[in-house]
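# Observations on chain architecture
As a plain string of letters, each chain reads:
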Number of protein chains: 2
Amino acid sequence: MHDINLEDGDILAKQKELASKNEDKLSLHGVRAINVMGAIGSGKTALIEAIHEKVKDKVKLGAVAGDVAGTDDYERFDQAGITAYNLNTHSDCHLDAHLVDHSLENMPLDELDLLFVENVGNLVCPADFPLGTDSEIVVISVTEGEDMVRKHPKIFSQSDIVVINKVDLSEAIGVDPEKPRADYEEINPNGRAIFTAAPKDKGIDELISALNITNN
Amino acid sequence: MHDINLEDGDILAKQKELASKNEDKLSLHGVRAINVMGAIGSGKTALIEAIHEKVKDKVKLGAVAGDVAGTDDYERFDQAGITAYNLNTHSDCHLDAHLVDHSLENMPLDELDLLFVENVGNLVCPADFPLGTDSEIVVISVTEGEDMVRKHPKIFSQSDIVVINKVDLSEAIGVDPEKPRADYEEINPNGRAIFTAAPKDKGIDELISALNITNN
């Protein structure tokens, strides 16, 4: 169940405390962490795979595969050679700091440089829960239409980078990626929008650079 | 905020009671209602528009546009000539029976035959909240990948019909729509999967027939 309205302040305070502990733990092991949010099918997993393929000789990547159910993304990470942990929420629509701590306890942090925490696929719930990561990005796909930023202002206003993915399909779909970019820049003037198409290797280098991945 | 674990049983009982009242109200006015769920960008709005275009001479359609924020879908319905009501949840990831009742209070029910209640775009939260509709459908798009059914078993197990949309893009995306169909039929052997592509008028007649729309 979701959205029971009580004591939001207390719950958020507790989540922030747990997130701060995760931050300390990651810092202690010298691991940077990025919270990767976005709707189902936006291409979060494929982008992490594409980044791994480019940086694996320099940077040791880990990934938490957050999903309501199943091991699909975990298996993809594992097959790509990324140190992965499968994290099912069962009915919850987001990860939280406690679940992420559980992942950290089960991963070889001393062997990692950078951890992607792939959140559950939607643009609503993940925005409310700090995880203790260093940065937050949102991945959207042109296949979701032109209006997804306007429909979910909160998650975009608080994210440093928005990846607008699958731009190679823009014409086939009839969606102009400049429109969500303009909406994002209006909501978050300090944010950065990056156009990508993972299978075409478009924008991956720019994303790696924006996330400062090879300069740890 | 979401997912506060307490007294789920009581909350669900209250939601069921409110849903039952909606059902009575709709029945009193002779309006059938369909809860349309699915991720953002799956094509819920376009499918409702396509159905309206085909049946408008026979069936008077209404639509509730459920979104976290904005009026994009409401405006689309309104421009298409569908009697529409805009329902923003602000931070919640789903509609609930109370919000739907609010819509019913503000719509000319006596003028309607059929009401589409377009839920907030994700495959997690809407599954937990009965609204008082006669049936529930889930719309997925091939652009979301092949694994969305496995990742969200609950919503698919309880839905009478799954619409697998944008099948005209299957080849361009490299996603075989038979895979989610097979997953759905395994989870829900009595359910029916329908392949559609709204802009190509593929599957719309089959969907209208499966929903029994013109035989009210």
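Above this note sits the structure.
Residues numbered from 1 in each chain as written. Chains lettered and ligands numbered in written order. Predicted model: local features only at pLDDT ≥ 70, side-chain atom pairs only at ≥ 80, totals over all residues. Heavy atoms only, no water.

## Brief notes about the overall build of chain A
Applied cut-off: Segments assigned H or I by DSSP are reported as helices when at least four residues long, segments assigned E as strands when at least two residues long, and all are numbered from the N terminus. Each radius of gyration reported is based on C-alpha atoms, and the globular scaling rule is 2.2 Å times the count of residues to the power 0.38. Relative accessibility under 20% of the residue-type maximum defines a buried residue, over 50% an exposed one, and the middle range a partly exposed one, all with a 1.4 Å probe and only protein chains included. It only takes one pair of heavy atoms within 4.5 Å for two residues to be counted as in contact. Each accessible area is a Shrake-Rupley result for a 1.4 Å probe, and residues are judged covered by the shown protein chains and nothing else. Residues scored as charged are limited to Lys and Arg (positive) and Asp and Glu (negative), so that His and the chain ends carry no count. Positions of charges follow a simple convention, taking NZ of Lys, CZ of Arg, CG of Asp or CD of Glu.
Counting secondary structure elements, chain A contains 9 helices and 7 strands. Taking 17 Å as the expected radius of gyration for a compact globule of 216 residues, we find that chain A reaches 16 Å, a close match to that expectation. Referenced to the eigenvectors of the C-alpha coordinate spread, the extents of chain A come out at roughly 45 × 45 × 35 Å. Burial status across chain A gives 59% buried among its 216 residues. Put simply, of all contacts in chain A between residues at least 6 apart along the chain, 72% involve residues at least 24 apart. As displayed, chain A offers around 8600 Å² of accessible surface, 44% of which is attributable to carbon and sulfur atoms. Of the charged side chains in chain A, 20 are positive and 40 negative, and the gap between their average positions amounts to 4 Å.

## Re the sheet that holds strand β3 (residues 83–88) of chain A
Residue and element names in this part refer to chain A. Here is the rule we go by: Each pair of strands is called paired provided DSSP finds at least two bridges between the two strands. To get an axis, fit a line to the C-alpha atoms, keeping to the stretch in contact for a helix; angles then go from 0 to 180 degrees between the N-to-C directions.
Read across the open sheet, the 7 strands follow the order β3-β2-β4-β1-β5-β6-β7; overall the sheet is parallel. Every interior strand has two partners, whereas the edge strands, β3 and β7 (192–195), have only one. Strand-to-strand, the axes of this sheet are offset by a mean angle of 20°, without reference to chain direction. Looking at chain direction, strand β1 (residues 32–38) and strand β4 (residues 114–118) are connected through 5 bridges and run parallel. If you follow N35 over to β4, its bridge partner there is V117. The strands that helix α8 (residues 178–187) touches are β5 (135–141), β6 (161–165) and β7; relative to β7, the one it contacts most, it runs at about 165°.

## Focus on the relation of the copies chain B and chain A
Mapping between the two copies of the chain is achieved by a rotation about an axis and a shift along the axis. Counted only if it meets this: Least squares is the method for superposing the copies, and the C-alpha atoms it fits come from residues with pLDDT of at least 70 in both.
Screw-axis analysis of chain B against chain A gives a translation of 0.0 Å along the axis, an RMSD of 0.0 Å, and a rotation angle of 180°. On this basis, the relationship between the two copies can be described by a two-fold rotation axis. In this assembly the copies share their binding face: 100% of the residues contributing to the interface of chain B also contribute to that of chain A.

## Examining the sheet that holds strand β3 (residues 83–88) of chain B
Hydrogen bonds between backbone atoms are what pair the strands of a sheet, whose relative direction is either parallel or antiparallel. Residues and elements named next belong to chain B. Reading across the sheet, the 7 strands line up as β3-β2-β4-β1-β5-β6-β7 and stay open at both edges, with parallel pairing between neighbours. Each edge of the open sheet carries a strand with a single partner, namely β3 and β7 (192–195). The sheet shows a mean angle of 20° between the axes of neighbouring strands, direction not considered. As paired strands, strand β1 (residues 32–38) and strand β5 (residues 135–141) are joined by 5 bridges and run parallel to one another. Within β5, the position partnered with I34 by the bridge is S135. Packed on one face of the sheet, helix α2 (residues 44–55) meets β1, β2 (61–67), β4 (114–118), β5 and β6 (161–165) and runs near 165° to β4.

## Examining the layout of surface pockets
Stated formally: Using a grid of 1 Å spacing that covers the protein atoms alone, one calls a set of points a cavity when a 1.4 Å probe fits there but cannot get out, and a pocket when the set is open and has protein on both sides within 12 Å along at least five of seven lines; lining residues are those with an atom within 4 Å of a point. Grid points are joined across faces, edges and corners, and a volume is the space filled by probe spheres set on the points. Nonpolar residues are Ala, Val, Leu, Ile, Met, Phe, Trp, Tyr, Cys and Pro. Charged residues are Asp, Glu, Lys and Arg, and all others, Gly as well, are polar.
Considering only enclosed or pocket space, the largest pocket measures out at about 710 Å³ in volume. What lines the largest pocket is a set of 37 residues, and nearest its centre among them are G43(A), A46(A), R76(A), K166(A) and G145(B). Sorting the residues of the lining of the largest pocket by element identifies α2 (44–55), β2 (61–67) and α3 (72–79) of chain A together with α5 (148–151) and α7 (170–173) of chain B as the ones contributing at least two each. With 4 residues, the top contributor of residues to the lining of the largest pocket is α2(A). Here the residues of the lining of the largest pocket sort into 11 nonpolar, 12 polar and 14 charged. Of the volumes computed, that of the second largest pocket is approximately 570 Å³. Sorting elements by how many residues they give to the lining of the second largest pocket places α2(B) first, with 3 residues. Classifying every residue of the lining of the second largest pocket gives 10 nonpolar, 12 polar and 12 charged.

## Here we look at the interface of chain B and chain A
Formally: Put simply, buried area is how much 1.4 Å-probe accessible surface two parts lose in total, over both of them, once they are put together. Basic side-chain nitrogens of Lys or Arg form a salt bridge, by our definition, when they fall within 4 Å of a carboxyl oxygen of Asp or Glu. A 3.5 Å cut-off defines polar contacts: any pair of N or O atoms within that distance qualifies, except that in protein one atom must be a possible hydrogen donor and the other a possible acceptor, and neighbouring residues in sequence count only when both atoms are side-chain atoms.
Of the residues lining the interface, 39 residues belong to chain B; the matching set on chain A comes to 39 residues. Interface area, chain B with chain A, both sides summed: about 3700 Å², of which 62% is carbon and sulfur. Here chain B and chain A share 6 salt bridges between them. D67(B) is the salt-bridge partner of K151(A), the closest N and O atoms lying 3.7 Å from each other. Here chain B is connected to chain A by 8 residue pairs in polar contact (both at pLDDT 80 or more). Broken down by secondary-structure element, the contributors of at least two residues to the side of chain B that touches chain A are α1 (8–28), α3 (72–79), α5 and α7 of chain B.

## Description of α2(A)
Counted only if it meets this: To estimate the expected span of a helix, count its residues, drop one, and scale the result by 1.5 Å.
Compared with the 16 Å implied by 1.5 Å per residue over 12 residues, the 17 Å span of α2(A) between its first and last C-alpha is a close match. For α2(A), the set of buried residues is K44(A), T45(A), L47(A), I48(A), A50(A), I51(A), H52(A) and V55(A).

## Focus on the packing of aromatic side chains
Residue and element names in this part refer to chain A. Rule in force here: By convention, a stacked pair of Phe, Tyr or Trp rings (six-membered ring in the case of Trp) has centres within 6.5 Å and planes under 30 degrees apart, an edge-to-face pair has planes over 60 apart, and any other such pair is tilted. Either the NZ atom of lysine or the CZ atom of arginine qualifies as a charge over a ring when it sits within 6 Å of the ring centre and within 35 degrees of the ring normal.
Considering all chains together, one arrives at 2 aromatic pairs over all chains under this definition. Arranged with centres 6.5 Å apart and planes meeting at 70°, the rings of F156 and Y184 form a pair that is edge-to-face. Taken together, the residues F156 in helix α6 (residues 153–157) and Y184 in helix α8 connect sequence positions 28 residues apart. You can call F156 buried: its relative accessible area is 0%. Between the NZ or CZ atom of R181 and the centre of the ring of F195, over which it lies, the distance is 4.3 Å.

## Overview of the nonpolar core
Note the cut-off: In plain words, nonpolar cores are sets of buried Ala, Val, Leu, Ile, Met, Phe, Trp, Tyr and Cys residues tied together by side-chain atoms within 4.5 Å.
L115(A) and L115(B) are the most contacted members of the largest nonpolar core, which has 44 residues in total. Sequence-distant contacts of L115(B), defined by excluding residues within four places in its chain, comprise L26(B), V31(B), R32(B), A33(B), I34(B), G62(B), A63(B), V64(B), L104(B) and M107(B).

## Side note on the packing of α2(B) against α3(B)
Residues and elements named next belong to chain B. Condition: The cut-offs work like this: below 35 degrees is roughly parallel, past 145 is roughly antiparallel, 65 to 115 is roughly perpendicular, and the gaps in between are oblique.
Their axes nearest at 10 Å, the elements α2 and α3 cross at an angle of 10°. Judged on the interaxial angle alone, α3 and α2 are roughly parallel. In this structure, α2 contributes T45, A46, I48 and E49 to the contact, and α3 contributes D73, R76 and F77. Its residues assigned to classes, the contact of α2 with α3 shows 3 nonpolar, 1 polar and 3 charged.

Function-wise, these values are silent; they only describe arrangement.
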